[in-house]
Amino acid sequence: MHTALLLSVALVAQNPISHYWHKLTDRTFTGIYHANAFDLAMMIPYFIVLLVLAVYGLHRYWLVYDYFAYSKNVPPAPPPVANWPRVTVQLPIFNERYVIERLVEAVSRFDYPPDLHDVQVLDDSTDETRDIARACVERHAAQGMPIAYIHRTNREGYKAGALENGLKTAKGEFVAIFDADFLPESDFLRRTIPYFMNPDGGGNIGMVQTRWTYLNSDYSLLTNVETILLDGHFVVEHGARSRRGTFFNFNGTAGVWRRKAIDDAGGWQHDTLTEDTDLSYRSQLKGWKFLYLPQIECASELPVDMNGFKAQQARWAKGLMQTAKKILPKVWKSDAPWHVKAEAFFHLTGNISYPLMILLSTMLLPAMIVRFYQGWVQMLVIDLPLFLASTCSISSFYLVAQRELRPKTWQRTLLYLPFVMATGIGISVRNAQAVIEALLGKKSEFARTPKFNIEGKQGTFAKKSYKNKAGWMPYAEVLLGVYFSLTIVYAIANENYATVPFLLLFVWGYLYTGSMSLGQTYFARLRFGVNAPEMRPATSGAPGF
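Let me sum up the structure you'll find in this document. (Residues numbered from 1 in each chain as written. Predicted model: local features only at pLDDT ≥ 70, side-chain atom pairs only at ≥ 80, totals over all residues. Heavy atoms only, no water.)

Any two aromatic rings considered together are summarised by their centre-to-centre distance and by the angle between their planes. Applying the stated criterion to the full structure yields 26 aromatic pairs. Look at Phe250 and Trp257: their rings are 5.7 Å apart centre to centre, the planes differ by 85°, and that puts the pair in the edge-to-face class. Assessed through its relative accessible area of 0%, Phe250 is described here as buried. Residues Trp332 and Phe345 carry aromatic rings whose centres are separated by 6.4 Å and whose planes lie at 45° to one another, so their mutual orientation is tilted. Here Phe345 lies in helix α12 (residues 338–349) and Trp332 lies in helix α11 (residues 306–333), a separation of 13 residues in the sequence. Connected via pairs of aromatic rings, a cluster forms that spans Phe248, Phe250, Trp257, Trp268, Phe290 and Tyr292. The residue whose ring lies beneath Arg155 is Phe94, and the NZ or CZ to ring-centre distance is 3.7 Å. Cation over ring: Arg243 sits above Tyr67, and NZ or CZ is 4.0 Å from the ring centre. (Phe/Tyr/Trp six-rings, centres within 6.5 Å; stacked < 30°, edge-to-face > 60°. Buried < 20%, exposed > 50% of the residue type's maximum accessible area, 1.4 Å probe, protein only. Helix = DSSP H or I, 4+ residues; strand = E, 2+ residues; numbered from the N terminus. Lys NZ or Arg CZ within 6 Å of the ring centre and 35° of its normal.)

Now for the environment of Asn204. By secondary structure assignment, the location of Asn204 is in the loop between α7 (188–197) and β6 (205–214). Expressed as a C-alpha distance, the spacing of Asn204 and Arg258, which sit 54 residues apart in the sequence, is 9.6 Å. With residues near it in sequence (within four places) discarded, Asn204 still touches Trp288 and Lys289. (Contact = heavy atoms within 4.5 Å.)

On to the pattern of salt bridges, then. For the structure on display, the rule yields 23 salt bridges. Of the charged contacts, one joins Arg109 and Glu105 as a salt bridge, the two residues approaching to 3.5 Å between their closest N and O atoms. Judged by relative accessible area, which is 47%, Arg109 ranks as partly exposed. A salt bridge links Asp231 to Arg406; its shortest N-O distance comes to 3.1 Å. Residue Asp231 is located in helix α8 (residues 221–244), and its partner Arg406 is located in the loop between α14 (376–405) and α15 (413–426); the two are separated by 175 residues in the primary sequence. According to the relative accessible area criterion, Arg406 is partly exposed, its value standing at 29%. One network of salt bridges, with partners in common, ties together Asp271, Asp278, Arg282 and Lys326. (Salt bridge = Lys/Arg side-chain N within 4 Å of Asp/Glu carboxyl O.)

See the structure below:
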């Protein structure tokens with residue numbers, strides 16, 4: 001019995017978990033270690049960055065709370081419409097040869113009174129899309145569809161300029177907007193317009209936004225990740241903001257505007273890359289109310305190539321920060337309630353997390369070295385709460401969205417969450433550059449995200465035009481992935497196992513986004529001989545969700 005007891009003690013002493021726990025709780029250096037100037041120079045910025053990220057993480061929890069706390073604040077079904085108003089449908093496109101005919105065909109099936117709506121194809125294209133779009137418009141016009149083709153040669157103001165130019169000849173009291181990759185249902189106008197016509201407050205509504213769905217969610221790992229990211233935005237973010245009564249934005253497509261609300265807010269302006277968010281805030285500051293209608297869906301096509309996805313996310317990140325600089329001072333000076341102002345701040349400045357993420361990335365290894373002798377108490381008391389606030393809020397945010405949309409299958413999202421978090425880390429380099437450029441006031445082109453008419457799991461983009469160049473950014477992402485691989489080696493060598501899963505997210509995120517960007521470029525140039533892309537990314541590195 002005595003021998004068995006000694007053997008058990010010896011086995012426990014040699015157990016790796018027991019050894020690791022002993023190291024964490026070792027008090028050998030208690031009272032001996034004192035932080036020096038170098039340690040403080042490392043740790044103070046580290047904790048400041050972690051604290052700011054934690055604050056934005058707590059805001060995600062707050063959105064989830066608002067989503068459920070104000071769940072009853074949804075617009076009731078409007079009464080039937082006796083006299084339908086006139087509507088103009090605008091279709092802004094630029095070099096969209098693969099999807100323009102699909103879009104016009106979908107709009108041609110609208111069951112709205114033909115004498116009360118007209119369609120504008122606002123084409124800024126510089127390639128054969130012009131001929132395809134013009135022929136498509138002429139064919140449908142010959143069949144009686146009220147459709148017009150409007151082409152510009154200078155792209156002044158990009159998408160905002162095209163929409164503004166279309167309004168000069170628009171006849172509608174209301175304006176519906178659809179990007180080239182969207183497929184609205186035939187009853188779209190009949191389901192959205194009644195909310196504007198509701199005698200009970202409909203006259204104050206300036207815009208209604210519908211929820212995006214996706215034609216190619218299951219095409220690849222990337223499109224699955226994009227679906228989860230966008231669902232979080234359309235379910236929790238839009239849902240929480242609209243239910244609470246705070247400002248939220250038009251998403252640039254799949255929505256309907258009251259023409260008067262556009263004009264009253266100063267019209268489309270193109271001094272930011274997110275003209276939709278800019279106009280949304282200016283309109284709501286003028287007193288117009290917005291409605292979000294998640295029950296009305298509009299199908300769209302997700303970017304299938306990594307470079308296109310990163311270009312989109314960077315454009316959104318830069319545009320929102322530009323809008324923050326332009327709009328937030330007006331928000332603070334307005335008489336809006338404090339919770340509206342606070343939500344506007346978090347909404348428009350949320351992308352500041354990307355440069356902070358890069359800063360945190362570079363400080364993780366030095367911080368790990370400095371804190372080698374600090375013990376486990378500081379980690380549990382300081383690091384763990386900040387980590388839970390800044391990181392775990394992301395998983396809860398997207399899980400709630402998936403459970404709301406897919407109550408029977410939402411558990412499968414758990415398998416994708418590590419990839420969602422890793423992809424968010426991976427695109428931080430490009431988005432950080434975009435945010436910094438916005439803060440410095442550097443202007444750039446509007447780089448739209450090309451689409452390739454890919455639905456379901458079928459189709460390919462490898463042999464098609466409109467690729468985005470990778471540039472130097474993927475090399476930086478791969479180097480960061482290698483750097484974090486070395487950080488994991490250091491963590492394991494020093495038995496700091498608790499940090500390894502977190503570090504693996506950085507390794508996977510940077511290596512995945514970097515290698516996918518380089519690999520897709522290689523495929524296009526060497527395997528299939530596709531010419532250099534016609535669409536050049538903006539100098540910002542350009543969404544984003």
